[in-house]
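Residue strings, one per chain:
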There are 2 protein chains.
Amino acid sequence: MNVSKNIGIKEIAVLANVSIGTVDRVLHGRTGVSKSTKAKVLKIIEETGFKRNLMASRLKLASSKTLQIAVLLPEIKNEMYYWHHSNAGIKKAVQELNEQGIMANYFYFNRLDPKNFKKSYNMIFEHEIDALITVPFFEKETDELILKAEELKLPLVFLDSMLNNKNKTNNISQNSFKAGMVAGRLLHGLVGDCGQYFVFNILNKRGIQINNQQREMGFRAYFEQNLKEFDFEIHSINMPLENKEELEKDIQELLNSDKTKGVFVTNARSFLVSDMLKECCISNVNIIGFDLNLPNLERLKSNDIKFLINQNPEFQGYSAIKGLFKYLTEQDASELNLDIPVEIIIKENADFSEMN
Amino acid sequence: MNVSKNIGIKEIAVLANVSIGTVDRVLHGRTGVSKSTKAKVLKIIEETGFKRNLMASRLKLASSKTLQIAVLLPEIKNEMYYWHHSNAGIKKAVQELNEQGIMANYFYFNRLDPKNFKKSYNMIFEHEIDALITVPFFEKETDELILKAEELKLPLVFLDSMLNNKNKTNNISQNSFKAGMVAGRLLHGLVGDCGQYFVFNILNKRGIQINNQQREMGFRAYFEQNLKEFDFEIHSINMPLENKEELEKDIQELLNSDKTKGVFVTNARSFLVSDMLKECCISNVNIIGFDLNLPNLERLKSNDIKFLINQNPEFQGYSAIKGLFKYLTEQDASELNLDIPVEIIIKENADFSEMN
DNA sequence: TCTGATTTCGTTAACGTTAACGAAAATTTG
DNA sequence: CAAATTTTCGTTAACGTTAACGAAATCAGA
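Residues numbered from 1 in each chain as written. Chains lettered and ligands numbered in written order. Predicted model: local features only at pLDDT ≥ 70, side-chain atom pairs only at ≥ 80, totals over all residues. Heavy atoms only, no water.

Sorry if this is basic, but what is going on with the overall build of chain A here?
Secondary structure assignment for chain A yields 13 helices and twelve strands. The principal-axis extents of the C-alpha atoms in chain A amount to approximately 85 × 50 × 40 Å. Within chain A, the fraction of its 356 residues that count as buried is 50%. Counting only contacts in chain A whose residues sit at least 6 apart along the sequence, the fraction spanning at least 24 positions is 70%. For chain A, the accessible surface area stands at approximately 17,300 Å², while carbon and sulfur atoms represent 50% of it. The averaged location of the 46 negative side-chain charges in chain A is 9 Å from the averaged location of its 44 positive side-chain charges. (Helix = DSSP H or I, 4+ residues; strand = E, 2+ residues; numbered from the N terminus. Buried < 20%, exposed > 50% of the residue type's maximum accessible area, 1.4 Å probe, protein only. Contact = heavy atoms within 4.5 Å. Areas by Shrake-Rupley, 256 points an atom, 1.4 Å probe, with all protein chains shown as cover. Lys, Arg positive; Asp, Glu negative; His and termini not counted. Charge placed at Lys NZ, Arg CZ, Asp CG, Glu CD.)

Hey, could you run me through the relation of the copies chain A and chain B in this one?
The relation between the two chain copies is a rotation about an axis coupled with a shift along that axis. When chain A is brought onto chain B, the operation consists of a screw motion whose angular component is 180 degrees and whose axial shift is 0.0 Å, with 0.0 Å RMSD remaining. Look at the turn and shift together and you get a two-fold axis relating the two. With an isologous cut-off of 70% or more, the 100% of interface residues of chain A that recur at the interface of chain B puts this contact in the isologous class. (Least-squares fit on C-alpha atoms with pLDDT ≥ 70 in both.)

Is there a simple way to explain the sheet that holds strand S12 (residues 343–345) of chain A in this structure?
Strand pairing in a sheet takes place through backbone hydrogen bonds and is either antiparallel or parallel in direction. Residue and element names in this part refer to chain A. Taken in spatial order, the six strands make up an open sheet running S7-S6-S8-S9-S10-S12, and their pairing is mixed. Only two strands of the sheet have a single neighbouring strand rather than two, namely strand S7 (234–240) and S12. Averaged over all neighbouring strand pairs, the angle between strand axes comes to 20 degrees, with direction disregarded. As paired elements, strand S8 (residues 261–265) and strand S9 (residues 285–290) share four bridges and run parallel to each other. Counterpart to Val263 in the pairing with S9 is Ile287. The strands touched by helix H12 (residues 294–301) within the sheet are S9, strand S10 (307–310) and S12, with S10 carrying the most contacts at an inclination of about 145 degrees. (Pairing = 2+ DSSP bridges. Axes fitted to C-alpha atoms, helices over the stretch in contact; angles between N-to-C directions.)

Explanation requested: the pairing of strand S3 (residues 131–134) of chain B in the structure shown.
The side chains of a regular strand alternate between both faces of the sheet. Residue and element names in this part refer to chain B. Of the two faces of S3, the one holding Ala131 and Ile133 and the one holding Leu132 and Thr134 are both buried throughout. Bridge count for strand S1 (residues 67–74) against S3 is three bridges, and the pairing is parallel. In the sheet register, Ala70 faces S3, and the bridge partner there is Leu132. Where S3 lies against strand S4 (residues 156–159), three bridges are found, and the strand directions are parallel. Pairing of Thr134 across the sheet is with Phe158, part of S4. Tracing the backbone out of S3, into helix H7 (residues 139–151) and back to the parallel element S4 gives a crossover that is right-handed. (Right-handed = clockwise from strand over helix to strand, strands pointing away.)

How should I be thinking about the interface of chain A and chain B in this particular structure?
Accessible area lost upon the coming together of the parts is a frequently used measure of interface size. Counting residues at the interface gives 39 residues for chain A and 39 residues for chain B. At the boundary of chain A with chain B, total buried surface from both sides reaches about 3,300 Å², with 63% on carbon and sulfur atoms. Our count for the contact surface shared by chain A and chain B stands at two salt bridges. Across the salt bridge formed by Arg185(A) and Glu348(B), the nearest N and O atoms sit 2.5 Å from each other. Across the contact surface, chain A and chain B share twelve residue pairs in polar contact (both at pLDDT 80 or more). Only helix H4 (54–64), strand S2 (102–109), helix H8 (176–191) and helix H9 (210–226) of chain A provide two or more residues apiece to the side of chain A that touches chain B. The element that contributes the greatest number of residues to the side of chain A that touches chain B is H8(A), accounting for seven residues. Counted by class, the side of chain A that touches chain B contains 18 nonpolar, 13 polar and eight charged residues. (Buried area = accessible area lost by both parts, 1.4 Å probe. Salt bridge = Lys/Arg side-chain N within 4 Å of Asp/Glu carboxyl O. Polar contact = N/O pair within 3.5 Å; in protein donor to acceptor, adjacent residues only side chain to side chain. Nonpolar A, V, L, I, M, F, W, Y, C, P; charged D, E, K, R; others polar.)

Would you mind going over the protein's contact with DNA strand D with me for this structure?
As a matter of local geometry, DNA strand D sits amid 29 residues, with Ile9(A), Asp24(A), Ser19(B), Ser34(B) and Thr37(B) nearest to it. Sugar plus phosphate: this is where 64% of the atoms of DNA strand D within 4 Å of the protein reside. One of the side-chain N or O atoms of Arg52(A) is found 3.0 Å from a phosphate oxygen in DNA strand D. Arg25(B) places a side-chain nitrogen or oxygen 2.8 Å from a base nitrogen of DNA strand D. (Near = heavy atom within 4 Å.)

Would you mind going over the packing of aromatic side chains with me for this structure?
Ring pairs (aromatic) are described by centroid distance and by the angle formed between their planes. All names here are of chain A. The final tally for this structure, using the stated rule, is 28 aromatic pairs over all chains. A ring pair is formed by Phe137 and Phe138, whose centres lie 5.7 Å apart and whose planes are at 75 degrees; its orientation type is edge-to-face. Phe138 matches Phe137 in its accessibility class, with the two residues each being buried. An aromatic cluster is built from Tyr82, Trp83, Phe109, Phe117, Tyr121, Phe125, Phe137 and Phe138, whose rings are joined through pairwise contacts. (Phe/Tyr/Trp six-rings, centres within 6.5 Å; stacked < 30°, edge-to-face > 60°.)

How should the pairing of strand S9 (residues 285–290) of chain B be read in this particular structure?
Residues and elements named next belong to chain B. By the criterion of burial, S9 is predominantly enclosed, with six of the six residues buried. Note on the crossover from strand S8 (residues 261–265) through helix H11 (residues 270–279) to S9: the handedness is right-handed. Relative to strand S10 (residues 307–310), S9 runs parallel, the two sharing three bridges. When the bridges of S10 are listed, Phe290 appears paired with Ile309. The handedness of the S9 to S10 crossover, carried by helix H12 (residues 294–301), is right-handed.

Whenever I open this one, the protein's contact with DNA strand C confuses me. Can you help?
Around DNA strand C, the structure places 29 residues, and the nearest of them are Ser19(A), Thr22(A), Ser34(A), Ile9(B) and Asp24(B). When atoms of DNA strand C within 4 Å of the protein are sorted by moiety, sugar and phosphate together comprise 64%. Ser34(A) has a polar backbone atom sitting 2.7 Å from a phosphate oxygen of DNA strand C. At a separation of 3.5 Å, a base oxygen of DNA strand C approaches a polar backbone atom of Lys60(A). Elements with a minimum of two residues in the surface near DNA strand C: helix H2 (20–27) and H4 of chain A together with helix H1 (9–16), helix H2 (20–27) and helix H4 (54–64) of chain B. Among the residues making up the surface near DNA strand C, the classes are represented as nine nonpolar, twelve polar and eight charged.

Functional significance is not addressed by these values, which are geometric in nature.
See the structure below:
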């Protein structure tokens, strides 16, 4: 059992023949140290593999300055809503790091109003913050935000990216294309080569999302890559949230056959599709959708939905805070980009405890 | 933006009209404080909701005593082997907590020799350790270990539990029955009601494991619960690792039909079954197995295995260290029992980066 | 060469917790 | 009731890092 005491700033100072103050100065790249002594200290640090003790560092610093993380998310209407989970993860991480001096400040924007998003982040910039966590909802406004953050040298992390950011930014999100591929294989396994396939894109007032497009592309890519003789069609159905009655006729026509049917719902509302198809008396249908919201979980439990894909929003939020903290305290940005696994949920491995 | 400074031991001392030394004494339940002052301090602590600053605590304590965690795992033969991943998770957590004063000491036992397991943990007990992480491989010896650890008041965490521990202990492991249920649904989805089902239990010198039995039970339970008219058979095949040639004949006979076949391999060697069936020219077969070892991943990539269930050994090891640290530093045992999710892996959401 | 400005650097008091040390108070003993 | 014990409690120096403060050394200008 080796017991190697970690080397500290004091030892470095002795070895380099300087004071701890000087070591601290070079560690933080502060001014006031000559080139030669800087080199000397750096050499010793290199040789000894010294890493500063973060816990001592945070103990000292947390008392004078707590890191302020701004969080800008869509308005949360419903306790069980998707963003509620992102928030929960953020809160959990902040709780864990609380004594180390970090705080989250929550802001919300109207999910249908780009202007409001812009106004919100401009308002945030008037406060003194150290980083911003948000969501790339609106293409143009997001680009502007990226530029502005760069200008202000403000770390920026996006959750649930729906945009192909041209500028490289920090993204913690699931690869939607990959998720579509997963959905493809799962549905294909259930439905087989002789079935019918449908992609349901549910449209809200903002139209179809890039995320959903990517998911559909991945879904189609699965079939193209895995079935040489691809002689059956995948129907895309764009379903507006309102006046879906007129759609129901088309659906009756399209889906009313004896064939096994596979339905891929590219967003979180697969329960709506499930209910609609049930109402239309469509049978022999296998549905796969996204996100573990309450109504989806109910349909999973009742076997009306076969698969759900989890984006783990709680983990996304949690990771964003942890990653930012690491970046702000260690200048280590490695945890600011995360590819959230495509988690496959069925009735047997689902956690229904939130339903009770 | 509220900025609430955390209350400290000093404030408690002032409020209770005692010195910080006394506050520290009641915080640690040490002797030397009268009943009345103890009550007084406790009351203030309660009222203020004071939580001691762990980072300051660890800063002080890490210098005088680093926590020693003993890790006793089966001998690791192969870099890619299952236990290698447990080890990697343990190492990662220890790395993260290094400066807070924690160390892991690794020990290995012969996987086929219960005596050696016992000898190993007895040897470990001669060292000064603060906790032990191990694996419940052998029923009798594990029970003895549990008793001994209780006696020594030594925290004990089991990874990959294969035993129904009568004594309550700390387990970080996947629910094997549930995993079997998951396998049941996934295979049933692919194979349907008209197929044939097989459970392969691969036997090594130690015979069949309780884990594997539980998995089979879960698998069968799925079908019993979900198919009212359950008129087809699930064949169990016990396959010894050596002289499997004689088995091949039986298998030829059993599996040689046009029907779609579903094969559930209850341990990590599904690649062996896959290869064997291929050799026997059995077609139309769907295999599901456990663990993301290299040969399994290769068969997943080549579509010879359809599903793999991940037990996330790395996460298990990681969580064991983190949980023990929390317990040893905060007396909070809540993270010492973990139900590892049944993670479903298919070709599209697998991480093949370790194959390269 | 002397003054003043500037750069370089060492000293020190914190951050909140811990526990050793010893002083004071309370209790027991003869 | 004084001496000896025992119990209760306050003081203090750490843990490793930070940054303010000011001293010493170097440099610039006349």
